[in-house]
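Structural description and commentary
Next come the chains, spelled out residue by residue.
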Amino acid sequence: MSVDTDTVKRVARLARIKVSDDDATRMTGELNAILGFVEHLDEVNIDGVEPLTSVVEQTMKKRVDGVTDGSKADDITQNAPASEDHFFMVPKVVE
Amino acid sequence: MTDLTKLTIAEAREGLKNKDYTSLELTDAFIGNIEAANAQLNAYVTVTADQAREMAKASDAKLAKGEGGALEGIPLGIKDLFATKGVHTQACSHILDGFKPPYESTVTSNLWADGAVMLGKLNMDEFAMGSSNETSYYGPVINPWRKQGSNQDLVPGGSSGGSASAVAARMCMGATATDTGGSIRQPAAFTGTVGIKPTYGRCSRWGVVAFASSLDQAGPIAHTVRDSAILLKSMASVDPKDTTSVDIEVPDYEAAIGKSVMGLKIGIPAEYRMEGMPGEIDELWQKGIEWLKDAGAEIVDIAMPHTKYALPAYYIVAPAEASSNLARYDGVRYGLRVPGKDIVEMYENTRAEGFGEEVKRRILIGTYVLSAGYYDAYYLKAQKVRTLIKRDFDLAWENGVDAILTPATPSAAFGVADQDLHSDPVKMYLNDIFTVTVNMAGLPGISVPAGLDKSGLPLGLQLIGKPFDESTLFQVGQVIEDAAGSFEPEKWWG
């Protein structure tokens, strides 16, 4: 399988990365090189093989459903590019 | 007085305990080396000299009373991927511009609890995506090694290039690093240092900036096998904050060092002899086999038929996980924001400017392979192939193999801005061909310096172990180190 420039633009839109027409053209070639490489997997017989979901055989640890942390609004918003009264500020999203 | 920066961690530990010198003297010696060398090698992105001296003084106070932890007063460098409270933590990306976490990663917390001293944050490939440390927003790291009679700048490997370069150039006693596809072992091999990626689940991932969560593991880079054992003992822990942290007590890795390898079964997989691989790599491998045989190990041929599919499967799994993990960088909660006419354009502008080319490439690949209609053809298939790769290893262990010996990399260090490697992203990816299988199966792997190529550059051998059997890797690794000796670059910098 290979991608065309329109597909690259669509995927970039899904990934929320702005790409120019020139970027999209260049990236199409690069992505096709990678997709061509991963096509080697088509040679492998995977009939009846289960996908690997965890490399370690361990039941997922569960923690107690309790409050262990909190009241850190200053910490949480201190790195925000824009914040006010412990809210993250974003461009208007509702008209 | 002897040059304190030439000491191993094991030696410094004794010297500090015997009060031959103080941690402040040791720390100052390393700060001196950093100040002299960093402009040329670019291994550190931030130097925390004041903090280091404060930590050293606190260690000296403890040492004076005969107290202190396992790493009391030992100056270390920290890869920029680890969250360090109030200190530059950007995964060497522009998108985390100005980010200073209000918390500390578990791995670094463990190190400070054991008395280690932080010298600063180390350069790396952006979000650990790269094999040459050239994708960093802060520019490439330079390898302290050069070819004989050449002044060409070489890469230290990646993604932990800053860690490897800083250790090799004596800008820290040891460093933290991380490994998703080979990012500890390949730079260690390129710089004549020792690097171990432990079993998945051995070191907590809490507070480590995520790249591919099912593959990422932290580990140390150091001068000797013993030093890497000392560091791993402190870095590893059982951490309730990481659900993939495994409930197995951390053993005393140093106890394994010096133990005989008599009777150990070492597997040699023919599939790691790649087409077009330089003869020198194969010769080094044969030398490693001889050393282990001489030490009494039993050498057995094993089959790893799915080896060549590990890298293609990795380039589906890792980008897929990365595209999800990196979705959080949206210009809202931390880091860079580039304005747009509405919120979507703000996201798109921020991510276009904040991420470098390699990171964008991987996010796009990941988004594509996870998108509707392609999931089964790519991601699901790659996860099935991953099962087969792990099965190859499981069969070896079932047949009584104790560890597997392979080359660490298919070549020695290459030049900065290498035209051929930059012409096709896949060529750069091939650097990880011998290391990536280990991440796909979640196993521990160590790279130990084993010799120099004909141009005088270091080469490493890799040992792969059973899950949570890092001890055997240190045991066998020491035999290689004893036979091969140690390697020091000729000083041209600083």
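Residues numbered from 1 in each chain as written. Chains lettered and ligands numbered in written order. Predicted model: local features only at pLDDT ≥ 70, side-chain atom pairs only at ≥ 80, totals over all residues. Heavy atoms only, no water.

1. So, unusual backbone geometry
Residue and element names in this part refer to chain B.
- Here the amide bond leading from G158 into S159 is cis, since omega sits at 5°, within 30 degrees of zero.
- Tracing the backbone through its elements, the reader meets S159 in the loop between β3 (117–122) and α5 (161–168).
- We note that F127 has phi near 55°; this positive angle belongs to a residue other than glycine.
- With respect to the secondary-structure elements, F127 resides in the loop between β3 and α5. (Helix = DSSP H or I, 4+ residues; strand = E, 2+ residues; numbered from the N terminus.)

2. Quick word on the UniProt feature "domain: Amidase" (unreviewed entry) in chain B
- Annotation from UniProt places "domain: Amidase" (unreviewed entry) at residues 25–473 of chain B.
- The span residues 25–473 of chain B is 37% helix and 14% strand, and its two end C-alpha atoms sit 33 Å from each other. (UniProt positions renumbered as here; feature names shortened; annotations may be inferred.)

3. Things to note about helix α3 (residues 49–64) of chain B
Residues and elements named next belong to chain B.
- Compared with the 22 Å implied by 1.5 Å per residue over 16 residues, the 22 Å span of α3 between its first and last C-alpha is a close match.
- Elements in contact with the buried residues of α3: α1 (9–17), α2 (23–41), β1 (44–47), α4 (106–113) and β3.
- Just downstream of α3 lies G66, where phi reads positive at about 75°. (Expected span 1.5 Å × (residues − 1). Contact = heavy atoms within 4.5 Å.)

4. Some remarks on the pairing of strand β10 (residues 445–452) of chain B
Residue and element names in this part refer to chain B.
- With seven of eight residues buried, β10 is to be regarded as a mostly interior element.
- For strand β5 (residues 194–197) and β10, the ladder comprises three bridges, and the chain directions are antiparallel. Residue I196 lies in a different strand from β10, and its bridge partner there is I446.
- With seven bridges connecting them, β10 and strand β11 (residues 458–465) associate as antiparallel partners. Note on β11: the bridge partner recorded for G451 is L459. (Buried < 20%, exposed > 50% of the residue type's maximum accessible area, 1.4 Å probe, protein only. Pairing = 2+ DSSP bridges.)

5. Describing the packing of aromatic side chains
Residues and elements named next belong to chain B.
- Overall, the coordinates contain 18 aromatic pairs over all chains when judged by the stated rule.
- The interplanar angle of 65° and the centroid separation of 5.5 Å between the aromatic rings of F99 and Y334 together place this pair among those described as edge-to-face. You can see F99 sitting in the loop between β2 (75–79) and α4 and its partner Y334 sitting in the loop between α9 (310–325) and α10 (343–354), a full 235 residues away along the chain.
- According to the relative accessible area criterion, F99 is buried, its value standing at 9%.
- Measuring from ring centre to ring centre gives 5.0 Å for Y314 and Y315, while their planes differ by 80°; the resulting arrangement is edge-to-face. For the pair Y314 and Y315, a shared accessibility class is recorded, and that class is buried.
- Put simply, the rings of F99, F127, Y329, Y334 and F355 touch in pairs and so form one group of aromatic residues.
- Positioned above the aromatic ring of W492 is the side chain of R146, whose terminal nitrogen or guanidinium carbon lies 3.6 Å from the ring centre. (Phe/Tyr/Trp six-rings, centres within 6.5 Å; stacked < 30°, edge-to-face > 60°. Lys NZ or Arg CZ within 6 Å of the ring centre and 35° of its normal.)

6. Quick notes on a nonpolar patch on the surface
Residues and elements named next belong to chain A.
- Together, V90, V93 and V94 make up a nonpolar patch on the protein surface, roughly 260 Å² of accessible area in all.
- Inspection of the secondary structure puts V93 in the segment after β2 (87–88).
- Residue classification places V93 among the exposed positions, given a relative accessible area of 55%. (Patch = residues over 30% accessible without salt bridge, like charges linked within 9 Å, V, L, I, M, F, W, Y side chains within 5 Å. Areas by Shrake-Rupley, 256 points an atom, 1.4 Å probe, with all protein chains shown as cover. Salt bridge = Lys/Arg side-chain N within 4 Å of Asp/Glu carboxyl O.)

7. Focus on the side chain of N143(B)
Residues and elements named next belong to chain B.
- With respect to the helices and strands, the residue N143 is situated in the loop between β3 and α5.
- By relative accessible area, N143 is classed as buried at 0%.
- There is a polar contact of 2.9 Å between the side chain of N143 and the backbone oxygen of F190.
- Other than its neighbours up to four places away in sequence, N143 contacts L41, L154, V155, P156, F190, T191, A413 and W492. (Polar contact = N/O pair within 3.5 Å; in protein donor to acceptor, adjacent residues only side chain to side chain.)

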